[in-house]
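# Observations on the three-dimensional arrangement
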Amino acid sequence: MTTRLEHNVADTRYEIHLDDTLAGYADYADRVDGDTKIRDFQHTLTFPEFRRRGVAAQLVEFALRDSRAAGFAIVPTCWYVEKFIGEHREYADLVA
């Protein structure tokens, strides 16, 4: 099974594809607060047939790494993103 992670800028979301099938996504809204670029992760979804495979964790980790590289602070409105950051403290510095 091949995994493809991508940042879909047009739809303001990160996507994970398994064997070229969309398996899930994490959508966000960007804003600027003073000099700080903020990316608010609002919702993460894994389609039912792909659950319990670690798909959401792969997706969120990719999204956080990409957001860090682009200079964004993170607002984890989505409960799953908040939980992921709580369990992976190496991303705690991203929280705005």
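Structure shown above.
To start, this report covers the structure provided alongside it.

Parameters at a glance
Residues numbered from 1 in each chain as written. Predicted model: local features only at pLDDT ≥ 70, side-chain atom pairs only at ≥ 80, totals over all residues. Heavy atoms only, no water. Helix = DSSP H or I, 4+ residues; strand = E, 2+ residues; numbered from the N terminus. Buried < 20%, exposed > 50% of the residue type's maximum accessible area, 1.4 Å probe, protein only. Contact = heavy atoms within 4.5 Å. Arc of directions from axis to C-beta. Pairing = 2+ DSSP bridges. Salt bridge = Lys/Arg side-chain N within 4 Å of Asp/Glu carboxyl O.

This brings us to the side chain of T46. Summarising the element assignment, T46 is placed in strand β4 (residues 36–46). What makes T46 buried here is its relative accessible area of 12%. With sequence-adjacent residues up to four places away left out, T46 is seen in contact with A23, G24, R51, V55 and A56.

Attention now moves to unusual backbone geometry. Located in the positive-phi region is T12, a residue other than glycine, with phi close to 45 degrees. Positive phi, close to 65 degrees, is recorded for R52, a residue that is not glycine. Of note, R52 is situated in the loop between β4 and α1 (55–69). What makes R52 exposed here is its relative accessible area of 88%.

Once that is clear, we can look at helix α2 (residues 79–87). Every buried residue of α2 is accounted for by Y80, V81, F84 and I85. End-on view of α2: buried residues confined to an arc of 135 degrees, all on one side of the axis. With respect to the buried face of α2, the exposed residues turned more than 90 degrees away are W79 and E87. Buried residues along α2 sit in contact with β4, α1 and β5 (72–76).

What follows concerns the pairing of strand β3 (residues 21–33). Of the pairings in the sheet, the one linking strand β2 (residues 13–18) to β3 comprises six bridges and is antiparallel in character. Its bridge partner being in β3, Y14 is matched across the sheet by A26. Count of turn residues in the β2/β3 antiparallel hairpin: two residues, of which D19 carries a positive phi of about 50 degrees. Summarising the sheet, β3 and β4 pair through 10 bridges and their orientation is antiparallel. Paired with G24 across the strands is T46, a residue of β4. Counting the residues in the hairpin turn of β3 and β4 gives two residues, including G34, whose phi is positive at 65 degrees.

Pairing between side chains becomes possible if they bear opposite charge and their charged atoms approach one another. For the structure on display, the rule yields seven salt bridges. Measuring nitrogen to oxygen at the nearest pair gives 2.8 Å for the salt bridge that ties D30 to R39. Assessed through its relative accessible area of 39%, D30 is described here as partly exposed. Among the residues examined, R39 registers a relative accessible area of 3% and is labelled buried. Between K83 and E87 there is a salt bridge, with its nearest N and O atoms 3.5 Å apart. Pair noted here: K83 and E87 are both in helix α2, with a separation of four residues, about one helical turn. Of the residues examined, K83 reaches a relative accessible area of 38% and is grouped as partly exposed.

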